[in-house]
Amino acid sequence: MSHSADQIAHEGAVTVEEFCQLHRISVPTLYKLWSIGVGPERMKIGRKVLITHAAARRWRDEREKATADSERNGIGLGGVK
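Here's what I pulled together on the structure shown here.

Looking now at the pairing of strand β3 (residues 48–52). The pairing of strand β1 (residues 13–15) with β3 spans 3 bridges and is classified as antiparallel. Across the sheet, the residue bridging to Ala 13 is Thr 52, located in β3. Linkage of strand β2 (residues 43–45) to β3, two consecutive antiparallel strands, is achieved through a turn of 2 residues, within which Gly 46 is found at a positive phi near 65°.

With that settled, consider unusual backbone geometry. Here the phi dihedral of Arg 24 falls at roughly 55°; this positive angle occurs in a residue that is not glycine. Mapped onto the fold, Arg 24 is located in the loop between α2 (16–23) and α3 (27–35).

Counting 12 residues, the largest nonpolar core consists of Val 14, Val 16, Phe 19, Cys 20, Leu 30, Leu 33, Trp 34, Val 49, Ile 51, Ala 55, Ala 56 and Trp 59. Not counting the four nearest positions on each side in its chain, Trp 59 is found in contact with Phe 19, His 23, Leu 33, Val 38, Gly 39 and Pro 40.

For helix α4 (residues 53–72), which comprises 20 residues, the first-to-last C-alpha distance of 29 Å matches the rise-based estimate of 28 Å (1.5 Å per residue) to within 8%. Taken as a whole, α4 has its buried residues at Ala 55, Ala 56 and Trp 59. Summarising the axial view, the buried residues of α4 lie within an arc of 95°, below the 170-degree limit, and thus occupy one face. Exposed and facing more than 90 degrees away from the buried side of α4 are Glu 64, Lys 65 and Arg 72. Buried residues in α4 make contact with α2, α3 and β3. Immediately downstream of α4, the backbone of Gly 74 shows phi near 75°, a positive value.

For the rest of this paragraph, the subject is the packing of aromatic side chains. Within this structure, the stated rule accounts for 2 aromatic pairs. Where Tyr 31 meets Trp 34, the ring centres are 5.0 Å apart and the plane angle is 85°; that geometry is what we call edge-to-face. Remark: Trp 34 and Tyr 31 occur in helix α3; sequence separation between them is 3 residues, near one turn of the helix. Judged by relative accessible area, Trp 34 falls into the buried class, the value being 11%. Looking at Arg 42, its charged tip hangs above the ring of Trp 34, at a distance of 4.2 Å from the centre.

Criteria and thresholds
- Residues numbered from 1 in each chain as written.
- Predicted model: local features only at pLDDT ≥ 70, side-chain atom pairs only at ≥ 80, totals over all residues.
- Heavy atoms only, no water.
- Pairing = 2+ DSSP bridges.
- Helix = DSSP H or I, 4+ residues; strand = E, 2+ residues; numbered from the N terminus.
- Core = buried A, V, L, I, M, F, W, Y, C linked by side-chain atoms within 4.5 Å.
- Buried < 20%, exposed > 50% of the residue type's maximum accessible area, 1.4 Å probe, protein only.
- Contact = heavy atoms within 4.5 Å.
- Expected span 1.5 Å × (residues − 1).
- Arc of directions from axis to C-beta.
- Phe/Tyr/Trp six-rings, centres within 6.5 Å; stacked < 30°, edge-to-face > 60°.
- Lys NZ or Arg CZ within 6 Å of the ring centre and 35° of its normal.

Shape descriptors only; they carry no functional weight alone.
Below you can see the structure in the form of structure tokens.
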């Protein structure tokens, strides 16, 4: 099932698969991010894992800040300043 970003925002939460599709990452990549402590917050309802729109927004903001900080310190882009 495909959703637009506006539909997702209205619904309030997405599944792991929907989150990955919207952010153009694979499911294994998302689980790797969680394993190293940099994935979005999630909630579990029964066996279903959901990510709220608010959690996704916070995660994107954190990733953008981390990228900017790394690039400012010469770490990003292969260490090229």
